[in-house]
Amino acid sequence: MVLADLGKRINGAVNSALSNTQDDYATAVDAMLKGIVTALLEADVNIALVSRLRNNIKGKLLESKGKSMNNAQTKKLIQKTVFDELCNLVDCDNAEPFKPKKKKSSVVMFVGLQGSGKTTSCTKLAVYYAKRGFKVGLVCADTFRAGAFDQLKQNAIKARIPFYGSYTETDPAKVAEEGVAKFKKEKFEVIIVDTSGRHRQETELFREMVEISKVVKPSQTIMVLDASIGQAAEQQSKAFKESSDFGAIILTKMDGHAKGGGAISAVAATKTPIIFIGTGEHIHDFESFSPKSFVSKLLGIGDIESLFEQIQTVSNKEDTQAMMENIQQGKFTLSDFKKQMQTIMKMGPLSNIAQMIPGMGNMMNQVGEEETSKSMKKMVYVLDSMTKQELDSDGRIFIDEPSRLVRVARGSGCTVFDVEMILMQQQMMARMAQGAAASKQGGARGMPGMGGMPGMGGMPGMGGMPGMPNMPGMPNISPQMMQDAQAKLRQNPSLMNKMMGMFNGSGGGMPDMGEMMKMMDDPQMQQMAKQFGMGM
Ligand SMILES: Nc1nc2c(ncn2[C@@H]2O[C@H](COP(=O)(O)OP(=O)(O)OP(=O)(O)O)[C@@H](O)[C@H]2O)c(=O)[nH]1
């Protein structure tokens, strides 16, 4: 996807400025801005918006030039300024977003031109709400295009969503009214009405929208826009706004199109929030959109807030609360780890979730979804083979009694090495939880969306669960390097034991990655240690 490319380029520009802050601040800022501006323009973002972004970033960064700041503060300022300005670029002041309520019927009406992706998006939204526990129904009020009802029916059956439509009725308002009435009577909570489109913005279409809207009285009207029209999105959304006063936009076909950046910024200029983006033809190719999460994902810094929101919607409330209480106290047991794994696997395709985890989106693209999914399953098998006492522990029990490792490995059909790797990862997350708890006490820390919650950073060598490369300020470890590190550890059990010892050593914070790499005594490992910024 072109936007991933845009993110990589912006990241590249920011990272190179971060490593040059000590040389000449103004020159480093200029070079960074040049990189960002070129990347945005090539992604078709409106030139006036890009120019405003450039001036704002430059103004804010140079204003702070006189202030005495250390290198770390300067880096944080650059990251935060770029982040904030990119958010402003795709943001619009909007009211509280629509949220359906349990035990109450809400109607969501879709509008848009023919072929924009309305029917597909209706089904995607239906699945989105159904997954979150709502009783959802789909109504086909498109009596204009032959085959429209069949298409919705096919999608709905595939997604197991109840549907309503008619082969004989020609009045779309009548079908809509009947469908909504039927679902309301059956206490459906989200009733999604798909309407017909036309090739152009015709008076006829707008009149039809008004009539349907009058009878179904939607709680929310969503306009579906094809992102591949680029900056023309602004003009099209304005025209629709005048007739059907929609309150939100779904931008479709954001996969593989050069004009994604154009459509997002153009639509943001209409002051109507984009709430979801469609990233493919499949039901799960659907991502909720908020400026902060979008920019976080774009920059590969993850979006822990969205991840946590997702976890909350699909997981058991008591479990989540217990986990959060543990995290707030700086604890993260194996049982917390297991629950997190299970929840994540329930959340839909890994590629969507990976985008929210710092650095993992980029890595997933390289290692592949299948590989990552396999590794996650392996983790669950290993955790399933542990006793309650082991799961409730912080993992040290395995160091004290290594025979437990063998038992768990046998029970899960994995190797002792696999079990050790998973334990190391849980240890790492426990360290992050400790760090998060400490930073809560000492005030907020890091980039927006990155505090509070342990991510899923892994150890080098975790196979499909790699670490956090490509985060600003973090090393960029290639999948090949990880595989090599993994192979090295596999050949050398005593090295593995030493590393486990480091994770279980006293004191808080992360283990000394440099020391760990040094132990491997290998030029490639040393290169990796250098990338972690550890002296060799
Ligand atoms: N690549 C990609 N294709 C999409 C996306 N959303 C929809 N499509 C495809 O776009 C085409 C049109 O989508 P529909 O959902 O039929 O569009 P519509 O707006 O309902 O069209 P009418 O019913 O004719 O008004 C289909 O082939 C969809 O599979 C997306 O996010 N990405």
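Only a predicted model underlies this, so the values are computations on that prediction, with no experimental measurement involved.

Student: Just give me the short version of the UniProt feature "domain: SRP54-type proteins GTP-binding" (unreviewed entry) in the protein, but keep the residues and values in it.
Tutor: The UniProt record annotates "domain: SRP54-type proteins GTP-binding" (unreviewed entry) at residues 273–286. With 0% helix and 43% strand, residues 273–286 has end C-alpha atoms that lie 16 Å from one another.

Student: Account for the nonpolar core, naming residues and giving values.
Tutor: One finds Ile10, Met32, Leu40 and Leu251 to be the most contacted residues of the largest nonpolar core, which totals 66 residues. Contacts of methionine 32, omitting those with residues within four sequence positions, involve Ala13, Val14, Ala17, Ile57, Leu61, Ile78 and Val82. Formed by 26 residues, the second largest nonpolar core is a distinct cluster that contains Ala126, Ala156, Ile250 and Phe286.

Student: Any chance you could break down the sheet that holds strand E4 (residues 190–195) for me, citing the residues and the numbers?
Tutor: Pairing is mixed in the open sheet, where eight strands are placed in the order E3-E2-E4-E1-E5-E6-E7-E8. The open sheet has two edge strands with one neighbour each: strand E3 (163–164) and strand E8 (286–288). Bridge analysis of strand E2 (residues 136–141) against E3 gives two bridges, and the strand direction is parallel. Paired with valine 139 across the two strands is tyrosine 164, which belongs to E3. On the sheet, helix H8 (residues 203–216) packs against strand E1 (106–112), E2 and E4 and is oriented at approximately 180° with respect to E1.

Student: I'd like a description of the side chain of lysine 118, backed by residues and values.
Tutor: Residue position: lysine 118 is located in helix H5 (residues 118–131). In this structure, lysine 118 is buried with no salt-bridge partner, the nearest side chain bearing the opposite charge being aspartate 194 at 5.1 Å. Of the polar contacts made by the side chain of lysine 118, one reaches the backbone oxygen of leucine 113; its length is 3.4 Å.

Student: Pulling in residues and values, what's your account of the side chain of serine 335?
Tutor: Within the fold, serine 335 resides in helix H14 (residues 334–346). We classify serine 335 as buried; its relative accessible area is 13%. Ignoring anything within four residues of it in the chain, the contact list for serine 335 reads Leu391 and Asp392.

Student: An account of unusual backbone geometry is needed here, citing residue identities and associated values.
Tutor: With the exception of glycine, most residues fall at negative phi, and the peptide bonds are largely trans. The phi dihedral of arginine 160 falls on the positive side, at around 55°, and the residue is not glycine. Residue position: arginine 160 is located in the loop between helix H6 (148–159) and E3. The residue lysine 217 is not glycine, and still its phi comes out positive at about 45°. The topology assignment puts lysine 217 in the loop between H8 and strand E5 (220–226).

Student: Break down the site of the ligand for me, citing the residues and quoting the values.
Tutor: Taken together, 20 residues form the shell around the ligand, and within it Thr119, Thr120, Arg145, Asp255 and Glu281 come nearest. For the shell around the ligand, the residue count by class is one nonpolar, 12 polar and seven charged.

Student: So, the packing of aromatic side chains: which residues are in play, and what are the values?
Tutor: Counted according to the given criterion, the structure contains seven aromatic pairs. The interplanar angle of 10° and the centroid separation of 4.4 Å between the aromatic rings of phenylalanine 276 and phenylalanine 286 together place this pair among those described as stacked. With phenylalanine 276 in strand E7 (residues 274–278) and phenylalanine 286 in strand E8, this residue pair connects regions lying 10 residues apart in the sequence. An identical accessibility class is assigned to phenylalanine 276 and phenylalanine 286; each is buried. Residue placement shows lysine 102 over the ring face of phenylalanine 134; its charged tip is 4.7 Å from the ring centre. In this arrangement the basic side chain of lysine 241 is found over the ring face of phenylalanine 246, its NZ or CZ atom lying 4.9 Å from the centre.

Student: Describe the confidence of the model for the protein, listing the residues and the values that go with them.
Tutor: For residues with low pLDDT, the predicted coordinates do not support detailed interpretation. Residue-level pLDDT values for the protein average 74, and 65% of them are 70 or greater. Predicted confidence is poor over residues 442–478, with pLDDT under 50, and the contacts of this stretch with residues over four places away or in other chains come to 125 contacts. In the predicted structure, residues 531–536 sits below a pLDDT of 50 and forms 18 contacts with residues beyond four places in sequence or in another chain. Scoring the predicted complex yields pTM 0.63 and, for the interface, ipTM 0.97.

The rules behind the values
- Residues numbered from 1 in each chain as written.
- Predicted model: local features only at pLDDT ≥ 70, side-chain atom pairs only at ≥ 80, totals over all residues.
- Heavy atoms only, no water.
- UniProt positions renumbered as here; feature names shortened; annotations may be inferred.
- Helix = DSSP H or I, 4+ residues; strand = E, 2+ residues; numbered from the N terminus.
- Core = buried A, V, L, I, M, F, W, Y, C linked by side-chain atoms within 4.5 Å.
- Buried < 20%, exposed > 50% of the residue type's maximum accessible area, 1.4 Å probe, protein only.
- Contact = heavy atoms within 4.5 Å.
- Pairing = 2+ DSSP bridges.
- Axes fitted to C-alpha atoms, helices over the stretch in contact; angles between N-to-C directions.
- Lys, Arg positive; Asp, Glu negative; His and termini not counted.
- Salt bridge = Lys/Arg side-chain N within 4 Å of Asp/Glu carboxyl O.
- Polar contact = N/O pair within 3.5 Å; in protein donor to acceptor, adjacent residues only side chain to side chain.
- Near = heavy atom within 4 Å.
- Nonpolar A, V, L, I, M, F, W, Y, C, P; charged D, E, K, R; others polar.
- Phe/Tyr/Trp six-rings, centres within 6.5 Å; stacked < 30°, edge-to-face > 60°.
- Lys NZ or Arg CZ within 6 Å of the ring centre and 35° of its normal.
- pLDDT = per-residue confidence, 0-100.

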